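Inside the fold
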Amino acid sequence: MKLYNSLTRKVEEFEPGEPPFVSMYTCGITAYEHTTVGHMRTYINTDFLRRTLEYLGYKVKMVENVTDVGHLTSDADAGEDKLQKKAEAERKSAWEIAKEYEKEFFETMDKLNVLRPSVVTRATENIEEMIALVKDLEKKGYTYEIPGDGIYFDTSKYPEYGKLANLNQEELKAGARVEVVEGKKNPADFALWKFSPHDKKRDMEWKSPWAEKSFPGWHIECSAMSMKFLTPAFEGGKYSPQKFETIDLHTGGEDHLTVHHPNEIAQTEASTGKKFARFWFHNRFLMVEGQKMSKSIGNFYTMKDIEGRGFNPLAVRYLFATAHYRQRINFTWESLAAAQSALERLYSQVSSLIEKSNDKAETSAKWEAKFKSAIANDLNMPQAVAVLWEMLKSEIADNQKLSLVLAWDQVFGLNLKNPPQVPKTEIPEEVTELAKEREELRKKRKFEEADLVRKRLLNMGYLIEDTPKGYKIVKK
Ligand code: AMP
Ligand code: ZN
């Protein structure tokens, strides 16, 4: 498979260290807020990647973390812990907050048919491993202490810092490092371990070699967890940096290019002396009116909004399959409605194929090759979707079409064989009457009047979509 590698900024042949096995690490959510459609994009694309590798014959072990402690409100290691802050605002404990939002995340992923990772692990479950790693970095001379604040990684001791995506010093500084932490030797230095503030009781804190009450920095967790669950570095419960083996694939959203991932690389490579990961896969953002859809800006939608508007969650999956993962896209309800109509057309074509075909499975080498060449071409899902429609329109036998579509659905994950029953939202009578009226006007070729009715419906929150089978009313 050809895949763009953020480390080299090139499309390269994906080659794991020990084929057919692939060790894959995915940076998970910080569990302090709702799961947004922006998250859905990153994790659906990562799921397309994993399913593609499996379709092509690889055996993937995928580890994903949940950040439940240590991610501060600023990437520059200033500010409060995001979970602690939310806990105080909601008068709950940080443990409760983490549990609540992790549950929401995986429930959302299940609805989107995102396969569960082979291992899900939480920062708070790996405290000892993180301490062992920081101790090793300390022993090797990469750290310094800022009294009363924490243990920091000295990036000047690691000359290759920032090689991910070939970031230059300017780009690194631009990476959200506007806030200055007093005592840092270099702007890019980052916290490995933080000391609890003296004047405040935290819900999550641990005794460490550096302080009675302390907690991990955000980046150390991913280094420790990827080593522990994907390599023999922590075999026998003891950290042996020399046992570390380069992992094959590391994934995350584009925001991780400038801070989180360079820091993970620095920690891991300084401690082990080996390359951290062969391939780095980054998803571009889902935007809303030119800005990233994000929890902190508040311009986000969740699964509740999607279902509340009568959408099939898998329409979100179809929508994201139609855009390449390395392109930023804008989210609109209109584009989701269009994705849902396309998906419904697909469901109805597959169901008529099921009726018409006998059980004889037949394939077509030509179409199978076309599909594989799309997915293996830097995960070109839009091309794979186009191949799917072309194949359905082609002259091949129904049995062949059905076998192909069901096989390809292992990658698409759209439940094409058993479409989900989506509860219909109640549409008020007034709206259905107006829609009928518009249709009558159109039949009489009174298009301008029909359009006025369409606009009126739009103002009432309903969109009329014309499909080959007639019109459809979609709640906006
Ligand atoms: P967070 O919980 O904010 O750490 O985000 C978890 C993952 O979701 C990260 O890899 C982010 O890059 C990704 N993510 C968050 N918002 C978006 C968005 N609007 N579009 C794409 N990915 C996103
Ligand atoms: Zn991470």
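Within any chain, residue numbers begin from 1 and follow the written order of that chain's sequence. Written order decides the labels, with chains lettered from A and ligands numbered from 1. Two thresholds apply to this predicted model, a pLDDT of at least 70 for residue-level local features and 80 or more for giving and counting side-chain atom pairs, whereas whole-chain, interface and lining totals are computed over all residues. As a rule here, side-chain values come from all non-hydrogen atoms in the structure, and water together with hydrogens is ignored.

Digging into empty space enclosed by the protein
Empty pockets left among the atoms are what a rolling probe the size of a water molecule brings to light. The distinction between a cavity and a pocket rests on a 1 Å grid over the protein atoms alone: a 1.4 Å probe fits inside a cavity but cannot get out, while a pocket stays open yet meets protein on both sides within 12 Å along at least five of seven lines, and a residue with an atom within 4 Å of a point counts as lining. Grid points are joined across faces, edges and corners, and a volume is the space filled by probe spheres set on the points. As enumerated under the stated definition, the model contains 4 cavities of 30 Å³ or more in all. In this structure, the largest cavity encloses a volume near 90 Å³. For the lining of the largest cavity, the secondary-structure elements that each account for two or more residues are α1 (37-55), β4 (59-66) and α3 (94-111). Polar here means any residue other than Ala, Val, Leu, Ile, Met, Phe, Trp, Tyr, Cys and Pro, which are nonpolar, and Asp, Glu, Lys and Arg, which are charged; Gly is therefore polar. For the lining of the largest cavity, the class distribution of residues is 8 nonpolar, 1 polar and 5 charged. Put simply, the second largest cavity is a space of about 60 Å³. As for the second largest cavity, its lining consists of Gly 70, His 71, Leu 72, Ser 74, Asp 75, Asp 77, Gly 217, Trp 218 and His 219. Secondary structure elements are defined from DSSP: runs of H or I of at least 4 residues count as helices, runs of E of at least 2 residues count as strands, and each element is numbered from the N terminus.

Looking at the sheet that holds strand β12 (residues 286-288)
Reading across from one edge, β13-β12-β14 is the order of the 3 strands in this open sheet, with mixed pairing throughout. Taken across any chain shown, the strands that pair with only one partner, and hence form the sheet edges, are β13 (291-292) and β14 (329-330). Two strands qualify as a pair provided DSSP detects at least 2 bridges between them. Bridge analysis of β12 against β13 gives 2 bridges, and the strand direction is antiparallel. Looking across to β13, one finds that Met 287 is bridged to Lys 292.

Regarding α1
In an α-helix, one turn spans 3.6 residues; hence positions three or four apart end up facing the same way. Any helix carries an expected span of 1.5 Å times its number of residues minus one. Counted at 1.5 Å a residue, the expected span for α1 with its 19 residues is 27 Å, and the 26 Å between its end C-alpha atoms agrees. Classification of residues uses two cut-offs on accessible area relative to the type maximum, computed with a 1.4 Å probe and protein chains only: under 20% is buried, over 50% is exposed, and between them is partly exposed. Burial analysis of α1 places 18 of its 19 residues in the buried class, which makes it a mostly covered element. Pairs of N or O atoms within 3.5 Å make up the polar contacts considered here, provided that, within protein, one atom can donate a hydrogen while the other can accept it, and that residues adjacent in sequence are counted only when both atoms are side-chain atoms. Its side-chain oxygen placed 3.1 Å from the backbone nitrogen of Gly 38, Thr 36 serves as the N-cap of α1.

Structural notes on the coordination of the zinc ion (ligand 2)
In this structure, Cys 27 (SG), Cys 222 (SG), His 260 (NE2) and Glu 264 (OE) serve as the protein donors to the zinc ion (ligand 2), at separations of 2.0 to 2.5 Å. Here a donor is an N, O or S atom found within 2.8 Å of the metal, or within 3.2 Å if the metal is Na, K or Ca; sites may look incomplete because water is not among the atoms. When four donors show all angles between 85 and 135 degrees the site is tetrahedral, when four or six donors have opposite pairs over 155 degrees and all other angles between 65 and 115 it is square planar or octahedral respectively, and in every other case it is irregular. Taken together, the 4 donor atoms coordinating the zinc ion (ligand 2) span angles of 74 to 126° at the metal, a pattern that classifies the geometry as irregular. Expressed as a motif, the donor residue spacing for the zinc ion (ligand 2) is C-x194-C-x37-H-x3-E. Note that Cys 27 is positioned in the loop between β3 (21-26) and α1 and Glu 264 in helix α7 (residues 260-272), a separation of 237 residues in sequence. When its relative accessible area of 3% is taken as the criterion, Cys 27 is described as buried.

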